[in-house]
Amino acid sequence: MKATVIHEFGDVDVLKYEDIATPKPKPGHILIKVLAAGVNRLDHYIREGSIVPELPFPHILGADAVGEVFELGQGVTELEIGERVIVVPGYPTDEAEADIRPTVTAPSFALPGLHITGTYAQYIEVPARAVVKDDTGLSPEEVATLPVVLSTAVHAVKGIGGVKAGDKVLVHAGASGSGSMLIQVAKALGAEVATTIRNDAKANFTKEAGADLVINTRTEDVVERVKEWTGGQGADVVIDNMGGDVLAKSIEAVKALGVVVAFGFAAGPEVSFDIRSLFFAQKQLKGTMASDIEDLEWGLEQVEAGTIKPLLDRALPLREAAEAHKLIANNQVAGNIVLLPWAD
């Protein structure tokens, strides 16, 4: 089969389009013909060596995939050949740990593309319990934008942030794949949402995703604008997918007793803030990581109902994975990019 493989950490040129052996499904597993594979900023970080110091090279990146069941391993009866399925973005490899929640706390938790073989390939082998049926009725390209950004957004906003109807929520980087989905999840829960951009050209995109207030951080002070928007109180919840020097502003922008959810580090992994801004007003800083299968299922219900929509920027052939990574690294994506393993 064809796959995009890395043999070392480095820039986008380490992504190599190669012929490798097609896996065979083990008992209890299935082989999926991948119709589309999503590309996430996490893939870029893994490739450059920012997430883990070593990998068992050669390695295949990618956590998102939608495809058709191609072959059943021994004992698999709940799925049929040809059925459309979505790979769950992260699961315990030890079946005995399948019911542990949060899933990420299971000792054998593995994320495709990081701990185990990923989805940048024509076929992928996974446990039968690590897929959900695709009943969205959407194209493979659209569905492949969803698993990671949708499930992690649901986990962060609904689970960790506890966002509810009537809340005012700040989401950073609203034009990014994660940011645009965080907006949609918060809106699906009945919240009002403010978001940040650094380019006015992306304002309409974030409004289409559901943002009620769009703040250009190049020309406006995000803390002042959020305070104005909330009558001086601050946001109920801030989802901070930036880290770096943005986290301090998130803490300032959230109200007393409010919650800041640390979701990523696009602005850098090192942060600095005045601790008094956190504990004097009894604000809460919570981390979020990965998701549970229930988060994906809830999110897909919203997709099927039309409440949440996939935001596909473009689809590229699998051989052009390097171009996809370059676009993400340079913040030239509105929504999500997917790779097509069978495209010429």
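Thresholds, definitions, all that
Residues numbered from 1 in each chain as written. Predicted model: local features only at pLDDT ≥ 70, side-chain atom pairs only at ≥ 80, totals over all residues. Heavy atoms only, no water. Helix = DSSP H or I, 4+ residues; strand = E, 2+ residues; numbered from the N terminus. Rg over C-alpha atoms; globule rule 2.2 N^0.38 Å. Buried < 20%, exposed > 50% of the residue type's maximum accessible area, 1.4 Å probe, protein only. Phe/Tyr/Trp six-rings, centres within 6.5 Å; stacked < 30°, edge-to-face > 60°. Lys NZ or Arg CZ within 6 Å of the ring centre and 35° of its normal. Contact = heavy atoms within 4.5 Å. Polar contact = N/O pair within 3.5 Å; in protein donor to acceptor, adjacent residues only side chain to side chain. Lys, Arg positive; Asp, Glu negative; His and termini not counted. Salt bridge = Lys/Arg side-chain N within 4 Å of Asp/Glu carboxyl O. 1 Å grid on protein atoms, 1.4 Å probe; cavity = no way out; pocket = protein on both sides within 12 Å on 5 of 7 lines; lining within 4 Å. Points joined across faces, edges and corners; volume = space filled by probe spheres on them. Nonpolar A, V, L, I, M, F, W, Y, C, P; charged D, E, K, R; others polar. Axes fitted to C-alpha atoms, helices over the stretch in contact; angles between N-to-C directions. Parallel < 35°, antiparallel > 145°, perpendicular 65-115°, else oblique. Left-handed = near helix turned anticlockwise from the far one by under 90°. Patch = residues over 30% accessible without salt bridge, like charges linked within 9 Å, V, L, I, M, F, W, Y side chains within 5 Å. Areas by Shrake-Rupley, 256 points an atom, 1.4 Å probe, with all protein chains shown as cover.

## Some points on the overall build of the chain
For step 1, the next point in the chain: Broken down by element type, the chain carries ten helices and 17 strands.
For step 2, the next point in the chain: By the compact-globule yardstick of 20 Å for 344 residues, the chain fits well, its C-alpha radius of gyration being 20 Å.
For step 3, the next point in the chain: The principal-axis extent of the C-alpha atoms belonging to the chain is close to 60 × 40 × 35 Å.
For step 4, the next point in the chain: Looking at the chain as a whole, 54% of its 344 residues qualify as buried.

## Regarding the packing of aromatic side chains
For step 1, the next point in the chain: Evaluation of the coordinates by the stated rule reveals five aromatic pairs.
For step 2, the next point in the chain: Aromatic side chains Y123 and W342 sit 5.6 Å apart centroid to centroid with 85° between the ring planes, which places their arrangement in the edge-to-face category. Here W342 lies in the segment after strand 17 (336–340) and Y123 lies in strand 8 (residues 123–127), a separation of 219 residues in the sequence.
For step 3, the next point in the chain: By way of ring pairs, the aromatic residues F70, Y123 and W342 are connected into one cluster.
For step 4, the next point in the chain: Taking the ring centre of W342 as reference, the NZ or CZ of K33 above it sits at 4.7 Å.

## Some thoughts on helix 1 (residues 41–48)
For step 1, the next point in the chain: Buried within helix 1 are the following residues: D43, H44, Y45, I46 and R47.
For step 2, the next point in the chain: Its buried side turned inward, helix 1 meets strand 1 (2–6), strand 2 (15–19), strand 3 (29–39) and helix 10 (321–329).
For step 3, the next point in the chain: At the exit of helix 1 stands G49, carrying a positive phi of roughly 90°.

## Let's talk about the side chain of T136
For step 1, the next point in the chain: Within the secondary structure layout, T136 lies in the loop between strand 9 (131–133) and helix 2 (140–143).
For step 2, the next point in the chain: Separated by 2.7 Å, the side chains of T136 and D134 make a polar contact.
For step 3, the next point in the chain: Within the structure, the side chain of T136 is placed 3.2 Å from the backbone nitrogen of L138, a separation counted as a polar contact.
For step 4, the next point in the chain: Not counting the four nearest positions on each side in its chain, T136 is found in contact with V143, L300, V303 and E304.

## Examining the side chain of D295
For step 1, the next point in the chain: Relative to the helices and strands, D295 is located in helix 9 (residues 293–305).
For step 2, the next point in the chain: Buried charge D295 goes without a salt bridge, the closest partner of opposite sign being K158 at 6.1 Å.
For step 3, the next point in the chain: At 2.9 Å, the side chain of D295 forms a polar contact with the side chain of H155.
For step 4, the next point in the chain: The residues contacting D295, other than those within four sequence positions of it, are S151, V154 and H155.

## A look at the layout of surface pockets
Empty space among the atoms can be located by rolling a probe the size of a water molecule over them.
For step 1, the next point in the chain: The space that makes up the second largest pocket amounts to roughly 290 Å³.
For step 2, the next point in the chain: K26, I116, T117, I124 and E125 are the residues nearest the centre of the second largest pocket, which is lined by 17 residues in total.
For step 3, the next point in the chain: In terms of residues, the lining of the second largest pocket owes the most to one element, strand 8, which gives five residues.
For step 4, the next point in the chain: Looking at side-chain class alone, the lining of the second largest pocket contains twelve nonpolar, three polar and two charged residues.

## Description of the packing of helix 6 (residues 222–229) against helix 7 (residues 246–253)
Helix packing for two helices is described by the angle between their axes and how far apart those axes are.
For step 1, the next point in the chain: Contact geometry for helix 6 and helix 7: axes closest at 9 Å, N-to-C directions at 20°. The orientation of helix 6 with respect to helix 7, classified from their angle, is roughly parallel. The handedness of the crossing between helix 6 and helix 7 is right-handed. Contact with helix 6, carried on its side by V222, V223, V226 and K227, involves K249, E252 and A253 of helix 7 and no other residues of that element.
For step 2, the next point in the chain: For the contact of helix 6 with helix 7, the per-class residue count stands at four nonpolar, no polar and three charged.

## Focus on a nonpolar patch on the surface
For step 1, the next point in the chain: A cluster of nonpolar side chains, I275, F279 and F280, forms an exposed patch at the surface whose accessible area comes to about 340 Å².
For step 2, the next point in the chain: Along the chain, F279 turns up in helix 8 (residues 276–279).

## Some points on the environment of P127
For step 1, the next point in the chain: With respect to the helices and strands, P127 occurs in strand 8.
For step 2, the next point in the chain: Through-space distance from the C-alpha of P127 to that of E83 is 15 Å; in sequence the pair is 44 residues apart.

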